[in-house]
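# Descriptive analysis of the structure
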Amino acid sequence: MRIQLPYAGIVLLVGPSNSGKSTWLKQLIEDETIRPSEVVSSDDYRKLVGDVEHIDWKGHPPDEADTLYEAYQDISTEAFALMTSLIEARARLNKLTIIDATHLYASDRKTYIELARRLHQPIYALVLDVEQHTLLERDQQRDFPRGGRRVKQQVQVFNREKRSMKREGFDQLHIVADVEKVELVRQMNNPLHISADHGIDVIGDIHGCFDEFIELLGRLGYIQNEEGLYVHPEGRTFLSLGDITSRGPKSLDTILFFIRHVEAGVAKMIDSNHGWKVLRWLEGRNVTMKHGDELFVEELHAFEEENGAELTEALKSSMKRLLKHAPSHYVLTKHDIPTAVCVHAGIRDEFIGKYSREISDFCRYGDNDGFDDAGKPIRKDWTVHHRSNKLIIWGHDPRPRPLRLNQTINIDQGVVFGGRLTAFRYPEQTIVQVEAKQDYAQVDDNPLAMLEAKRLDPPNIGKFMNGYTVETEAIGAVKVSKETALPSIDLVSHHTVPLEELVYIPPTMSPTPKPAAEEGYLEHPNEAIAYYRELGITRLIAEKKHMGSRAILLLFKNEDAAEQAIGRRTKGIIYTRSGRRFFESEQELEVVTRLHQSLTSNDYFASHQTEFVLLDAEILPWNLKARELIRHQYAHVAEQALLDREQLKRSLESAVDRVDGVREWYREVSQKLEQAETFKQAFQTYCWDVEDLNAIKIAPFHVLAHSEETFFDKTHEWHMTMNQRFSEMDELFLATDYRIIEDAETETDVIEWWKTMTEDGHEGIVIKPERFLTQVEGKLIQPAIKVRGRKYLSIIYGMDYLEPNNLKRLKKRNVSKKQKLALREFALGIEGVKRFVERESLERYHECVLATLAMEAEPVDPRL
């Protein structure tokens, strides 16, 4: 007899004492068929909890025997409780556990059958059916004989129970008379694991769109060999997420293709809802073929009319074999380490790597909550419960673009509905797509059209209130705590521009990572340049930092374009980095109208083939938005300081030559008076009267996006070139001065430029790597570092901050939290803009904006 043990699960050895269970298991351990850790023995657990394997109460007076028997029962109860706890833990971890106990009673077996079902594990029974006389002979040879009477009682129970075991729900039950004649085989590797070391191309729902599928294989680099099979020269494999048939025009061609390729071992396919339905129909089950499945039936009938019943039956057998053996999911491994999961409709973390009827149903249909009035399932969002680090790659639910959410990615882009067929290359994690040749489904409830119609529906705020996680391409998962999410929700609920217009919040920016080594400076370009040089980045850009107020400009080609993008007819909107409207309504309309006219007259929208332009900018003067702050804080402080210090200086003048020690005091007060004057000049440099529109200046330093593309792959030099072009279109746009740093000479030039500029009272510069988005060894680095001048920093740290003791203290400031915050906000901003440009739902790009606002609520020194 040959018995195949599962990779994971529960195996019960069943039989009276002396059946040879423990002896057999010891032999299997010695043969390395099983591991010692996979065996759980009731005798061993009695020793663990009670120090003894057996208590012999025979031959004792009744009162002693009763006490000994009671002690043995107590030990057994605790032993089995501890055993069950361990077995349950191993089942959760998807391990094989072989239980060495008699299991003579149905109630004992039922405990483990229910445990296996609950934890989605197969359960086998290996029943050792040994003759009674053999059991009695073995009992006499034991160190602790059970006694002939007890052995006979067990045999009686065993023979009675044996007849009903087959009906108890074991996945497999084997009756073994002689273990010497049994070949026990272990499945050492999980059959649901497949290696991605040579590359896996995961393909979304095909739905009979065979022509698009073949085109996609070509783009992926697959070529036909002599046998007509599509293979990849680099040894890659393609894997279908299921739903290869129905709705589309060539379901039969597609399933025939997969039969050949899966049987040849050059492709994989996963079970799915349409595949399962087709299988049941092929098996003669009573199912109604609709929702596109009827087209498959028509194709098969046409095949039978052309080729006859015999060939059709052979084809049906092949199709049933393919569909029946398709697993609920596959786990992709890198160097034998599980890293990703491929599934049709969804999976729970506790299901991964396991198989059961419940798991199969969940993987086919996802997490459903009944049906709507049209008979379609109401889908619940299973992705919010995904907590493991494994990437879940799934389909089933058509989305306009690949949707990455909470370490999951949906790659069903609705090719049969006129969308795209998507391949997700793993481990590279890149996307390859082909456009559908047409809308094959031709249904009124086209899911892609319905999603587009509901794109600007209000988000489910409940998803964000207890904190949430945003998956970003640039930096991975960004977590938002409940404590910071709630005030941000309140902000967008009452104070910001409408959610659909709030598409991007610019990130904060970190100062130099280390204090200036130069004496008399808190910040200096040397430290910013050194940061990038240490990371191997040799070409940098230094841009003049304007002292104004950050603003986002979303300008549209026309009102129709605005209605398509944000659901409101307008020529543009301008808002602050906290999401509030920058100008009053009338002034905003005046500014937007002028900019729109300039862009249109310069043919901007037509020449760039875009419906809108999204700009990250600085609007000057500073007092345009900070008037009250300047009046009540800076101006008031400056006036009081000047008044006090001038008065003290005059008082000291008369005593300088008459009183010892006053001269030093006088010198100190004179210096403090100069510092107060510097402070006043510093903030006044950034202020001027705004009597008309021409007094406003807008410096756009990033062109974030057009309607069909983002510009995060461009260099900052490209962005500065665009800045120059905007300044040529309208005087409201301000050109930004910049320098390139690529060697020692240009580095020196930038430092001298910074010194001259900041001594004249300007804020400073921003030093950036050459490219907008720069990663080193796969990690995002600081996208920009601000280097502020000495005069400007007096309005940040106080007019006396340069005094030696103050400066020494300030140089100990810790900017690490600010740096981390800058990286997270930068990644969130990029992610949100990409989602907006890709016309994802309002909820999808809003979660990025809300997260950035939440980051701003974290406690970080505001002076940094």
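To start, this report covers the structure provided alongside it. In this text, all values refer to a predicted model and were calculated from it rather than measured experimentally.

Of the regular secondary structure elements, the protein holds 26 helices and 36 strands. Over its C-alpha atoms the protein spans a radius of gyration of 37 Å, topping by over 25% the 29 Å that the globule rule assigns to 864 residues. Its C-alpha atoms give the protein principal-axis dimensions of about 125 × 85 × 50 Å. Here the protein holds 864 residues, and 52% of them are scored as buried. When contacts within the protein are restricted to residue pairs at least 6 apart in sequence, those whose partners lie at least 24 apart make up 72%. Within the structure as shown, the protein displays about 40400 Å² of accessible surface, and the carbon and sulfur contribution to it stands at 47%.

Taking 1.5 Å per residue as the helical rise, helix 6 (residues 148-162) with its 15 residues ought to reach 21 Å, and the 21 Å between its terminal C-alpha atoms agrees with that figure. Contacts made by the buried residues of helix 6 are with strand 2 (9-14), helix 4 (106-118), strand 5 (123-128) and helix 5 (132-140).

Per the counting criterion, the structure on display carries 26 aromatic pairs. Note on F238 and F258: the rings are 6.0 Å apart at their centroids and 80° apart in plane angle, and the pair reads as edge-to-face. Taken together, the residues span a long stretch of sequence, with F238 in strand 12 (residues 237-240) and F258 in helix 8 (residues 251-263) at a distance of 20 residues. In textbook terms, an aromatic cluster arises when at least three aromatic residues are bridged by ring pairs, as seen for F210, F213, Y222, Y230, F238, F257 and F258. Over the ring of W753 we find R739; its NZ or CZ atom is 4.3 Å from the centre of that ring. Directly above the ring of Y521 sits R790, whose terminal nitrogen or CZ lies 4.6 Å from the centroid.

Ordered in space as 25-36-33-26-32, the five strands form an open sheet in which the pairing is mixed. Only two strands of the sheet have a single partner each, and these edge strands are strand 25 (510-511) and strand 32 (738-741). In this sheet, strand 36 (residues 785-788) lies alongside strand 33 (residues 764-769) in antiparallel orientation, the contact comprising four bridges. Counterpart to G764 in the pairing with strand 36 is R788. In this fold helix 15 (residues 525-534) packs onto strand 26 (540-545), strand 32, strand 33 and strand 36, with an angle of close to 5° to the strand it touches most, strand 33.

What follows deals with a nonpolar patch on the surface. A cluster of nonpolar side chains, contributed by L48, V49 and L82, occupies part of the molecular surface with about 260 Å² of accessible area. By the secondary structure assignment, V49 is in helix 2 (residues 42-50). Given the relative accessible area of 36%, V49 is considered partly exposed.

Here the focus is the nonpolar core. As a rule of thumb, nonpolar side chains are buried together in soluble globular proteins. Judged by nonpolar contacts, the single largest core of 49 residues is most densely connected at Y504, L554, Y575, L614 and F836. Residues contacting L554, with those up to four places away along its chain left out, are I566, K571, G572, I573, F612, V613, L614 and F836. Counting residues in each nonpolar core, the second largest holds 44 residues, with F210, I244, V432 and V434 among its members.

To continue, consider the environment of M729. Along the polypeptide, M729 turns up in helix 21 (residues 716-729). Judged by relative accessible area, which is 18%, M729 ranks as buried. Sequence-distant contacts of M729, defined by excluding residues within four places in its chain, comprise S598, L599, N602 and Y604.

Tallying each qualifying case throughout the model produces 56 salt bridges. A salt bridge links E473 to K834; its shortest N-O distance comes to 3.8 Å. Taken together, the residues span a long stretch of sequence, with E473 in the loop between strand 23 (468-472) and strand 24 (476-480) and K834 in helix 25 (residues 816-837) at a distance of 361 residues. Relative accessible area serves as the criterion here: at 21%, K834 is assigned to the partly exposed category. A salt bridge links E523 to R788, with the shortest nitrogen-to-oxygen separation between them at 2.6 Å. Of this pair, E523 sits in the loop between strand 25 and helix 15 while R788 is found in strand 36, placing the two residues 265 residues apart along the sequence. R788 carries the same exposure label as E523, and that label is buried. Three or more residues joined by partner-sharing salt bridges are found here, namely E831, R835, E840, R844 and E847.

A word on the pairing of strand 14 (residues 329-334). Judged by how many residues are buried, strand 14 sits mostly within the fold: five of six residues are covered. Where strand 8 (residues 193-195) and strand 14 come together, three bridges link them in parallel fashion. Within the sheet, the bridge partner assigned to I194 lies in strand 14 and is L332. Where strand 14 lies against strand 15 (residues 337-343), six bridges are found, and the strand directions are antiparallel. By the bridge assignment, V331 is partnered in strand 15 with V341.

The relative placement of two packed helices comes down to the angle between their axes together with the axis-to-axis distance. Running from amino to carboxyl end, helix 10 (residues 293-307) crosses helix 11 (residues 309-324) at an angle of 140°, the nearest separation of the two axes being 7 Å. With respect to helix 11, the element helix 10 is oriented oblique. Contact residues: helix 10 offers F296, L300, F303, E304 and N307, while helix 11 offers A309, L311, T312, L315, K316 and M319. For the contact of helix 10 with helix 11, the class distribution of residues is seven nonpolar, two polar and two charged.

This brings us to the side chain of S598. Mapped onto the elements of the fold, S598 is located in helix 17 (residues 585-601). For S598, a relative accessible area of 11% translates into the label buried. Setting aside chain neighbours within four positions, we find S598 in contact with M729 and D730.

On to the packing of helix 8 against helix 11, then. Where helix 8 meets helix 11, the closest approach of the two axes is 10 Å, and the angle between their N-to-C directions is 65°. Judged by the angle between their axes, helix 8 and helix 11 are roughly perpendicular. The interaxial crossing formed by helix 8 with helix 11 has left-handed handedness. Contacts between helix 8 and helix 11 involve L252, I255, L256, F258, I259, V262 and E263 from the first element and L315, S318, M319, R321, L322 and L323 from the second.

With an omega of 15°, the peptide bond running from Y426 to P427 counts as cis. Relative to the helices and strands, P427 is located in the loop between strand 21 (420-426) and strand 22 (430-435). One non-glycine residue with positive phi stands out, namely E777, at about 55°. Its location among the elements puts E777 in the loop between strand 34 (775-776) and strand 35 (779-780). Residue classification places E777 among the exposed residues on the basis of a relative accessible area of 79%. Positioned with a positive phi, R839 is a non-glycine residue whose angle comes to about 60°. Inspection of the secondary structure puts R839 in the loop between helix 25 and helix 26 (842-856).

Conventions and cut-offs
- Residues numbered from 1 in each chain as written.
- Predicted model: local features only at pLDDT ≥ 70, side-chain atom pairs only at ≥ 80, totals over all residues.
- Heavy atoms only, no water.
- Helix = DSSP H or I, 4+ residues; strand = E, 2+ residues; numbered from the N terminus.
- Rg over C-alpha atoms; globule rule 2.2 N^0.38 Å.
- Buried < 20%, exposed > 50% of the residue type's maximum accessible area, 1.4 Å probe, protein only.
- Contact = heavy atoms within 4.5 Å.
- Areas by Shrake-Rupley, 256 points an atom, 1.4 Å probe, with all protein chains shown as cover.
- Expected span 1.5 Å × (residues − 1).
- Phe/Tyr/Trp six-rings, centres within 6.5 Å; stacked < 30°, edge-to-face > 60°.
- Lys NZ or Arg CZ within 6 Å of the ring centre and 35° of its normal.
- Pairing = 2+ DSSP bridges.
- Axes fitted to C-alpha atoms, helices over the stretch in contact; angles between N-to-C directions.
- Patch = residues over 30% accessible without salt bridge, like charges linked within 9 Å, V, L, I, M, F, W, Y side chains within 5 Å.
- Salt bridge = Lys/Arg side-chain N within 4 Å of Asp/Glu carboxyl O.
- Core = buried A, V, L, I, M, F, W, Y, C linked by side-chain atoms within 4.5 Å.
- Parallel < 35°, antiparallel > 145°, perpendicular 65-115°, else oblique.
- Nonpolar A, V, L, I, M, F, W, Y, C, P; charged D, E, K, R; others polar.
- Left-handed = near helix turned anticlockwise from the far one by under 90°.

These figures come from the coordinates and say nothing about function on their own.
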